[in-house]
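Fold and geometry: a report
If you want the building blocks of each chain, they are given just below.
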Amino acid sequence: MKDKPVILVVDDQPQNNELLEAHLLPQGYEVIKAENGEEALEKLSNNQVDLVLLDIMMPVMSGFEVLEKIRADKRTRLLPVVMLTALKDTEDRVKALAAGCDDFISKPFDRHELLIRVKSLLRIKSLHDEADGAREYAESLINTVREPLIALDQDLRVVTASRSFYDFFKVNPKEPVGQLIYDLGDKQWDIPRLRELLETILPYKTSFDNYEVEHNFASIGRRVMLLNARQIQRVWGKKLIILLAIEDITERRRLEDMLAESEERYRRIFETASDGIV
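Here goes a summary of the coordinates provided. This is a predicted model, so every value here is computed, not measured.

1. Considerations on the overall build of the chain
- Helix and strand counts for the chain stand at nine helices and 10 strands.
- Long-range pairs, those at least 24 residues apart, make up 49% of the contacts in the chain between residues at least 6 apart in sequence.
- By element, 51% of the accessible surface of the chain is carried by carbon and sulfur atoms, the whole surface being about 16,600 Å².

In structure tokens form, the structure reads like this:
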């Protein structure tokens, strides 16, 4: 775990990098320097950077090009990037914003403005990191549950699902996220009893247990399921999350029916035998 934020400063003029470093080090930041776009991308791939101060006007690879590559990489696409520029042209600033720039600092830069902007963006990144960590933790917990589990937002669209859900119901893991639950598996989940639970019962109750649903799935055949539902407020950046746990009781119900039939058969045999004795 890092004990202080890491800032990558990128400028083809070494004196500018030295000046930025002189402002940032006393504030407790770790500074990594690069003098061109290729070096900057290499430093990003080899270090856990929290923020980039990026010059626009550089030879070979401009700041615009570096920014586009940062945003195209899944690992760095959310990394805060501040563009350092002497350009006053609105068109250039619009171009940078369109490429994903988070903020600007004009050259020659003011020390106080620099530190305020850096501190603000690092605070925002820290909050995002905490949210990502909480999401990762929650998803890890979901994946430890043996029964299929699926999380929906308030519009009944899939937020995440456990591995057991994908495996049991033969659902492609790339398919569900963002989809309406009823549309999953070519609308196999458009089940009247499920609609009743999610649209009629759950809006008036924060939880519901042992709600029985029977359905014939095209992929896995007839299933009898017990559904447990819970509403959770304000997680994963959503106003409301619905956790839906699914227990397959098909085999248990089959055995119960067989036992009931057997008991009924013996009861009739006993009654017949009793009538003969009388």
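2. Some words on the packing of helix α2 (residues 37-46) against helix α3 (residues 63-72)
- Between α2 and α3, the least distance of the axes is 10 Å, while the angle of their chain directions is 25°. Put simply, α2 runs roughly parallel to α3. Classified by chirality, the crossing of α3 by α2 is right-handed. For the pair formed by α2 and α3, the contact residues are Gly37, Leu41 and Leu44 on the first element and Val66, Lys69 and Ile70 on the second.
- Tallied by class, the residues present in the contact of α2 with α3 amount to four nonpolar, one polar and one charged.

3. Considerations on the nonpolar core
- One finds Phe165, Phe169, Ile181, Trp189, Leu194, Leu198 and Leu227 to be the most contacted residues of the largest nonpolar core, which totals 30 residues.
- Looking at this core, the elements that each hand over two or more residues are β6 (149-153), β7 (158-161), α6 (163-168), α8 (192-201), β8 (207-217), β9 (221-235) and β10 (238-248).
- In this view, isoleucine 181 contacts Leu152, Leu156, Trp189, Leu194, Leu198 and Leu244; residues no more than four positions away in its chain are not counted.
- Formed by 24 residues, the second largest nonpolar core is a distinct cluster that contains Ile56, Leu67, Cys101 and Phe104.

4. As for the packing of α3 against helix α4 (residues 90-99)
- At a minimum axis separation of 9 Å, α3 and α4 run at an interaxial angle of 15°. Between α3 and α4, the angle is such that the two are roughly parallel. For the pair α3 and α4, the crossing hand works out as right-handed. Across the interface between the two elements, Phe64, Leu67, Glu68 and Arg71 of α3 pack against Asp92, Lys95, Ala96 and Ala99 of α4.
- The residue makeup of the contact of α3 with α4, split by class, is four nonpolar, no polar and four charged.

5. Focus on the side chain of histidine 215
- Along the polypeptide, histidine 215 turns up in strand β8.
- Only 2.9 Å separates the side chain of histidine 215 from the backbone oxygen of glutamine 188, close enough to count as a polar contact.
- The residues touching histidine 215, leaving out its near neighbours within four places in the chain, are Gln188, Ile191, Gly221, Arg222 and Arg223.

6. Regarding the packing of aromatic side chains
- Counted under the stated rule, the structure contains eight aromatic pairs.
- Geometrically, the ring pair formed by phenylalanine 169 and phenylalanine 217 is tilted, given 5.5 Å between the ring centres and 55° between the ring planes. Of the two residues, phenylalanine 169 sits in the loop between α6 and α7 (184-187) while phenylalanine 217 sits in strand β8, which places them 48 residues apart along the sequence.
- Between phenylalanine 208 and tyrosine 211 the ring centres are 5.4 Å apart and the planes differ by 80°, which places this aromatic pair in the edge-to-face class.
- Exposure remark for tyrosine 211: the relative accessible area of 4% places this residue in the buried category.
- These aromatic residues form a ring-pair network of at least three members: Phe165, Tyr166, Phe168, Phe169, Trp189 and Phe217.
- Its end group placed over the ring of tyrosine 211, arginine 193 keeps NZ or CZ at 4.3 Å from the ring centre.
- We note arginine 195 situated over the ring of tyrosine 182; from NZ or CZ to the ring centre the distance is 3.8 Å.

Rules and cut-offs
Residues numbered from 1 in each chain as written. Predicted model: local features only at pLDDT ≥ 70, side-chain atom pairs only at ≥ 80, totals over all residues. Heavy atoms only, no water. Helix = DSSP H or I, 4+ residues; strand = E, 2+ residues; numbered from the N terminus. Contact = heavy atoms within 4.5 Å. Areas by Shrake-Rupley, 256 points an atom, 1.4 Å probe, with all protein chains shown as cover. Axes fitted to C-alpha atoms, helices over the stretch in contact; angles between N-to-C directions. Parallel < 35°, antiparallel > 145°, perpendicular 65-115°, else oblique. Left-handed = near helix turned anticlockwise from the far one by under 90°. Nonpolar A, V, L, I, M, F, W, Y, C, P; charged D, E, K, R; others polar. Core = buried A, V, L, I, M, F, W, Y, C linked by side-chain atoms within 4.5 Å. Buried < 20%, exposed > 50% of the residue type's maximum accessible area, 1.4 Å probe, protein only. Polar contact = N/O pair within 3.5 Å; in protein donor to acceptor, adjacent residues only side chain to side chain. Phe/Tyr/Trp six-rings, centres within 6.5 Å; stacked < 30°, edge-to-face > 60°. Lys NZ or Arg CZ within 6 Å of the ring centre and 35° of its normal.

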